[in-house]
Amino acid sequence: MSTRREFLKTVVGGGIALSAVKLPWLAGCSHGGTTERQPLVIPDEFAGGMLVASVLSATSSGLGTQPWTLGGRTPAPTIRVRKADMFSTQLVNNLAEPTNIHWHGVLVPADMDGHPKEPVAAGGSRMFSYQVQNRAGTYWYHPHPHQATGKQVYLGMAGFFIVNDSEEQALGLPAGAFDVPLLIQDRRLASGSPGYAFQPMDIPNGYLGDTITVNGVPNAYFEVATGLYRFRLLNGANARIFRLQFADGRPLVVIATDGGLLEAPVTTDSLWLGPGERAEILVDFSKDPIGSSLLLHSIEFGMGGPTGGGGHAGHGGSTSTVPPQGADVDIIRFDVKRAAASGGSIPTKLATLEKLDPGTASKTRTFELAMRQGVTTGLHTINNLLFDLARMDEQLAAQAIEIWEFKSLDDGNIHPMHVHGMQFQVISRSSGPLNANDMGWKDTVLVFPMETVRVVARVSSYPGMYLLHCHTLEHEDDGMMINLQVT
Ligand SMILES: [Cu+2]
């Protein structure tokens, strides 16, 4: 793989329709929005009890005024649990519309999963209670109401759900102030459109923002010591896909993906992170001089395959201030400020990973992802279907091993496909080799234009109705979702 400069050279030299010219939304510009860097805020920890959904009258720097919150904050409080713990909370809906909570990546019983057929009405409440089955890892929670997921997540309702276990604990990974959750999103701040100002082109393109926020902070910086850090990356953006890279070209050391730790660290020059996906990286600042800075940004990519080139360039946002999908955007700057009291080393082995054998699969299912033409809503289909709350689309046997093929018939969009309440492992991509974020247990996988991605899945052990959908939230709300009935 190449450094950023070489990448741009390759892109330009290859004649692909991407521009190496610095565009107005890139760092250092002034386009009427907040361009001054602001210190990162670490989300509060959940203290237990209720999670109240409400609209705050206060101003949030990342959202303008009146953010929608869970637990009175945005991001919502970070929930920390141990594997095998019972977790419970009461959702109290003080919004003026229905909401619910989906526990993204968490292996919950179907009636705890936040299916949109079971909304919590305005003024209502409900208990969520389940035993945590997941391995140690970075999961998250957000509302999933019918046709309003994009709006509620965008307006501020999302938080981390972090699971620990003894296998992870034995590794002595960076902890405390050196274990940092980073919720990466984008907002329309520079264009001055507060709230979720939805326009027709936001359906095909997804609701792309003009300003990157991390933990709700626009243009964030984070002061670090010269030690080893664990960053838990979560792409909580509605639609923006990131291809993360350090500006100095140092590799990213990936230790975990959606479903927790890998067997061993994987190094990569750039890391794909689609909406809904997580990855954990270790960053060693021990050789960085105090006073230096390190920028994490998302490099330019085309709408081709996972090599980043090919195809036509990304779609624009609905206004000229919104960078298109695939534009180079800054994520966060790390400022090395002080000496660390102690170092820390990157383990060579991480965890035991059960490997699903595709040869044992009892069934192969194909999910065709397509764009209907000549319509303004209901564009996005799976197997020619638009989502229907009550229709049962696929019947699955509990605990079965199955092969799923995500077959894109769409030449213009990358679709991050997400399954509720179960996990899978990526087998192959028709467009080329697997990337670093295809490793380990996954619940969300990027499907590039016209690509077929094969995964081997373990069906939930709980009966009931789960969902399979595109995690570009405007595609999901537009209908790119089907029901999976587990029996
Ligand atoms: Cu999609």
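Residues numbered from 1 in each chain as written. Predicted model: local features only at pLDDT ≥ 70, side-chain atom pairs only at ≥ 80, totals over all residues. Heavy atoms only, no water.

A word on the environment of Arg-372. When you line up the elements, Arg-372 lands in the loop between strand 24 (363–371) and strand 25 (380–382). Among the residues examined, Arg-372 registers a relative accessible area of 36% and is labelled partly exposed. Residues Arg-372 and Asn-384 lie 12 residues apart in sequence; the distance between their C-alpha atoms is 8.6 Å. A polar contact of 2.6 Å, which involves the side chain of Arg-372, links it to the backbone oxygen of Gly-378. (Helix = DSSP H or I, 4+ residues; strand = E, 2+ residues; numbered from the N terminus. Buried < 20%, exposed > 50% of the residue type's maximum accessible area, 1.4 Å probe, protein only. Polar contact = N/O pair within 3.5 Å; in protein donor to acceptor, adjacent residues only side chain to side chain.)

Following the criterion strictly, the structure yields 26 aromatic pairs and no others. Measuring from centroid to centroid gives 4.8 Å for Tyr-154 and Tyr-207, while their planes differ by 75°, and the two rings are edge-to-face. Residue Tyr-154 is found in helix 2 (residues 149–154), and its partner Tyr-207 is found in the loop between helix 4 (202–205) and strand 13 (211–214); the two are separated by 53 residues along the sequence. Taken individually, Tyr-154 and Tyr-207 each receive the classification buried, so the pair is uniform in this respect. With 5.6 Å between their ring centres and 80° between their planes, Tyr-229 and Phe-285 make a pair best called edge-to-face. Of this pair, Tyr-229 sits in strand 16 (residues 228–235) while Phe-285 sits in the loop between strand 21 (278–284) and strand 22 (293–298), and the two are 56 residues apart along the sequence. Residues Tyr-229 and Phe-285 agree in their burial class; the two are buried. Put simply, the rings of Phe-46, Phe-87, Trp-103, Phe-128, Tyr-130, Tyr-141 and Phe-161 pair up and form one aromatic cluster. Directly above the aromatic system of Phe-128 lies the positively charged group of Arg-126, at a separation of 4.2 Å from the ring centroid. A cation over an aromatic ring shows up here: Arg-188 above the ring of Tyr-207, its NZ or CZ 3.7 Å from the ring centre. (Phe/Tyr/Trp six-rings, centres within 6.5 Å; stacked < 30°, edge-to-face > 60°. Lys NZ or Arg CZ within 6 Å of the ring centre and 35° of its normal.)

Quick look at empty space enclosed by the protein now. Applying the stated criterion across every chain, the model contains 3 cavities of 30 Å³ or more. A volume near 60 Å³ is recorded for the second largest cavity. Lining the second largest cavity are 10 residues, with Asn-205, Gln-325, Asn-413, Ile-414 and His-475 positioned closest to its centre. Per-class residue counts for the lining of the second largest cavity are 3 nonpolar, 7 polar and no charged. The residues that make up the lining of the second largest cavity include at least three from each of domain 1 (4–31 + 172–338) and domain 3 (358–486). (1 Å grid on protein atoms, 1.4 Å probe; cavity = no way out; pocket = protein on both sides within 12 Å on 5 of 7 lines; lining within 4 Å. Points joined across faces, edges and corners; volume = space filled by probe spheres on them. Nonpolar A, V, L, I, M, F, W, Y, C, P; charged D, E, K, R; others polar. Domains from an automatic or database assignment.)

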